[in-house]
Number of protein chains: 2
Amino acid sequence: MAVGHNPFPEMHSVKGIKLGSTNVGIKQTVRDDILVIEMAAGGSCAAVFTQNAFCAAPVHLAKSHLNQEPRWLLINSGNANAGTGKQGLQDAFACCASLAGEVDGLAQQVLPFSTGVIGEPLPVAKLTSGLAAAVANLAEDHWPQAAQAIMTTDTFAKGASEIISIAGQPVTITGISKGAGMIQPNMATMLGFIATDASIEAGLLQQSLAAAAEHSFNRISVDGDTSTNDACVLLASAGAAAPEISADTPEYEVFNAALHRVCKRLAELIIRDGEGATKLMRIVVEQADTVAEAVLVAKTIAHSPLVKTAFFASDPNWGRILAAVGRAGVENLELEKIEIYLGTVCIVENGGRSPSYTEQDGQRVMNQPEITITVRLGRGAVSEEVLTCDFSYDYVRINAEYRT
Amino acid sequence: MAVGHNPFPEMHSVKGIKLGSTNVGIKQTVRDDILVIEMAAGGSCAAVFTQNAFCAAPVHLAKSHLNQEPRWLLINSGNANAGTGKQGLQDAFACCASLAGEVDGLAQQVLPFSTGVIGEPLPVAKLTSGLAAAVANLAEDHWPQAAQAIMTTDTFAKGASEIISIAGQPVTITGISKGAGMIQPNMATMLGFIATDASIEAGLLQQSLAAAAEHSFNRISVDGDTSTNDACVLLASAGAAAPEISADTPEYEVFNAALHRVCKRLAELIIRDGEGATKLMRIVVEQADTVAEAVLVAKTIAHSPLVKTAFFASDPNWGRILAAVGRAGVENLELEKIEIYLGTVCIVENGGRSPSYTEQDGQRVMNQPEITITVRLGRGAVSEEVLTCDFSYDYVRINAEYRT
């Protein structure tokens, strides 16, 4: 199940970035489950990682390799290599070293990423057995195969791609992401791999990625569970003819805006494919005093099992939204000032149900597959938006059967 | 569905406390849906209420009536009278006034309580039409009928009762409660009505109730959603022959311990009857530095949809517990010091899976209907326990169909 029709888009190749994948049978027997991404020498790399205190072994390693001129990403699905202690770190490093041998690089130039079940040893021999094949498969136009190879419970591959103009020259930004459960990225993200042929220094690139991730991946939630393995990487190969992008220039603004759009699209696709999702809910909190309280209110609604099951049932049971706003923990909320809308239908104003509200109007909105819930707090001028999905029988089924 | 066999217990009558119920057809057509509890003159009353910012009209009114020598509680199920604005307050007061007329008291001496759907006008005429019958039905031995009358999605009536000895004289504590969804009482509780024939001054009684509620009702969660209508009331009729209970005496200790047991039992029954529950999970966090961090870790596990669906499936997918501990937000957690147990089986130690752990051992524990999860943080000496239940297809069904 997924919300909307989400065809895989045209993916513009990024000069200097090649992708190669293969199947080694970690959990999948058919789909590719390991992916190598190679960047030509001379590029830069930025990354953001999960804030989960128990971040996985590959996350530890990728963080420590990030400032050692990384040129390769090694990604596997089917096993998270999390909760695996010292052995997990050794296993992740062994995979990096093995890939380095294949490509004539250094183990420290490989950033490893894993996604899948937590707590089981990484099958190192299986994984490394496929590296030669993945490397042999490296090509600039393999984004579609790469998007498939990183999927776990995803029902469709996720990609976004744009070509912008920097100083009159085309610059490409292309990325892939995967969900679909344990999704509430916290100051970081799930797995996302984005590449550009722009030329941009690593520190500046990191600023761009951090800002884009904060307002895209960090504004989505499937189930409120922050993964141990979240990571998003942005590679800049400098392969385009465009000149280097510097801070505080119009070109940097153009680049950031495009990166933001790509990240938002990749984040939205994750919600559209949230485990068991039948509805996309866009929760907009307006008139907040601070970003923190706007996000708090939006996420409290997004995480309420009662709100999510009501949306699954297309039931305009708006009292559950009201209750979630009330329990969010915002100090000195004034009920009388708050307005709540389902789509464009006002349901709550002046401390109670709007006189203009009819169940029929509410039902009309709820029947739609994509619904905007707007909460106006009447406290300030800050707006934030969080995307989530509903809670269905299939969410329970998928997560009850996950390891079987 | 409910966890365990939960027969309604023997309920000892409380001298000076009478209960009367009837059906007025608010939502139920068969079961009683309004309840009057009357306390003889000369008793005292304590209460704790929801911390939801949008607390319901009856909660507002009950709070303001609490220090006006209340003698009657008026409870309805089927309609929460929440999100109903000024009209809701007028409606709740009209019901209090109507009951006061029947019993020759003052409207201010009536505490109103409502539970059911949020946002629909209280059917005042329907409700008041049954007051004469409920009052005519008042009797000291009607606790079982009272426990039935306050039910919403509950599948069984909940009660607890004890007789203790104060200065050689018997003192009774008897109470009822209801769940079963929108349950994460926050410094307060869902609906609970407890009575004692002890003689105890209102201020001291309030202290007893606040302490007992904090470690019972405030340590349970079905779905993390804090209701707009939570309330727990303790009536002390002074009808027993035992002398008045004073602060800082052994008798006060005995009374508090018994009250705590009654509250804990009533709270546990709510979880055993959590919406769709098939398993009771007792989450014990030990070796925490503070109560706050112990409760935070326990509730993060208790609210994780991934943990809850794994327990529904009897799947020892302990990585989800680990991930929940890691995302709880405790500063400077050291994974190496943490131990996690399923029942008595150690699953995590020294930063990874315990060498002694086998899937078979984990499965054996998971197959049980009542499971203790113990997390040792290795930071201090504080322990806390939170009760929750699993997340099943039936939870989705119940909450998708709630208003139909």
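Please refer to the structure placed before this passage.
Residues numbered from 1 in each chain as written. Chains lettered and ligands numbered in written order. Predicted model: local features only at pLDDT ≥ 70, side-chain atom pairs only at ≥ 80, totals over all residues. Heavy atoms only, no water.

> Which parts of the structure should I look at to understand the overall build of chain A?
Counting secondary structure elements, chain A contains 12 helices and 16 strands. Against the globule reference of 22 Å for 404 residues, chain A gives a C-alpha radius of gyration of 22 Å, in line with a compact fold. Expressed as lengths along the three principal axes of its C-alpha atoms, the size of chain A is roughly 70 × 55 × 35 Å. Here chain A has roughly 13700 Å² of accessible surface; of this, 49% comes from carbon and sulfur atoms. Distance from the positive charge centre (28 side chains) to the negative charge centre (43 side chains) of chain A: 5 Å. (Helix = DSSP H or I, 4+ residues; strand = E, 2+ residues; numbered from the N terminus. Rg over C-alpha atoms; globule rule 2.2 N^0.38 Å. Areas by Shrake-Rupley, 256 points an atom, 1.4 Å probe, with all protein chains shown as cover. Lys, Arg positive; Asp, Glu negative; His and termini not counted. Charge placed at Lys NZ, Arg CZ, Asp CG, Glu CD.)

> Sorry, what's going on with the relation of the copies chain B and chain A here?
Superposing the two chain copies requires a rotation about an axis and a translation along that axis. Rotating chain B by 180 degrees and translating it 0.0 Å along the rotation axis places it on chain A, where the RMSD comes to 0.0 Å. Taken together, the rotation angle and the small translation identify this as a two-fold axis. Proximity to the rotation axis, assessed at the C-alpha, singles out Tyr393 of chain B in chain B; its C-alpha lies 2.8 Å from the axis. With an isologous cut-off of 70% or more, the 100% of interface residues of chain B that recur at the interface of chain A puts this contact in the isologous class. (Least-squares fit on C-alpha atoms with pLDDT ≥ 70 in both. Contact = heavy atoms within 4.5 Å.)

> Mind showing me how you'd approach the side chain of Asn218 of chain B here?
Residue and element names in this part refer to chain B. Here Asn218 shows up in the loop between helix 6 (202–214) and strand 9 (220–221). For Asn218, a relative accessible area of 4% puts it in the buried group. Here the side chain of Asn218 touches Glu214 through a polar contact of 3.0 Å, side chain to side chain. (Buried < 20%, exposed > 50% of the residue type's maximum accessible area, 1.4 Å probe, protein only. Polar contact = N/O pair within 3.5 Å; in protein donor to acceptor, adjacent residues only side chain to side chain.)

> Please clarify how helix 12 (residues 393–400) of chain B should be interpreted in this entry.
The α-helix advances 3.6 residues per turn, and as a result positions three or four apart in sequence lie on the same side. Looking at helix 12 of chain B, one finds that the buried residues are Tyr395, Val396, Ile398, Asn399 and Ala400 of chain B. Tucked into the core, helix 12 of chain B has its buried residues touching helix 9 (305–312), helix 10 (319–327) and helix 12 (393–400) of chain A.

> Just to check I follow, could you spell out the environment of Arg261 of chain B for this structure?
All names here are of chain B. Within the fold, Arg261 resides in helix 7 (residues 250–272). A sequence separation of 158 residues divides Arg261 from Val103, and the C-alpha atoms of the two residues are 33 Å apart. Excluding its chain neighbours within four sequence positions, the residues that come into contact with Arg261 are Glu162 and Ile164.

> Honestly, the interface of chain B and chain A in this entry has me stumped. Any pointers?
Chain B puts 54 residues into the contact, and the matching count from chain A is 54 residues. Summing both partners gives a buried area of about 4500 Å² for chain B against chain A, and 62% of it is carried by carbon and sulfur. Seen at the junction of chain B and chain A, the total is 2 salt bridges. Here chain B is connected to chain A by 18 residue pairs in polar contact (both at pLDDT 80 or more). Where the side of chain B that touches chain A is concerned, the elements lending two or more residues are helix 9 (305–312), helix 10 (319–327), strand 14 (352–353) and helix 12 of chain B. Here the side of chain B that touches chain A takes 7 residues from helix 10 of chain B, the largest share from any one element. Residue composition of the side of chain B that touches chain A, grouped by class: 24 nonpolar, 19 polar and 11 charged. (Buried area = accessible area lost by both parts, 1.4 Å probe. Salt bridge = Lys/Arg side-chain N within 4 Å of Asp/Glu carboxyl O. Nonpolar A, V, L, I, M, F, W, Y, C, P; charged D, E, K, R; others polar.)

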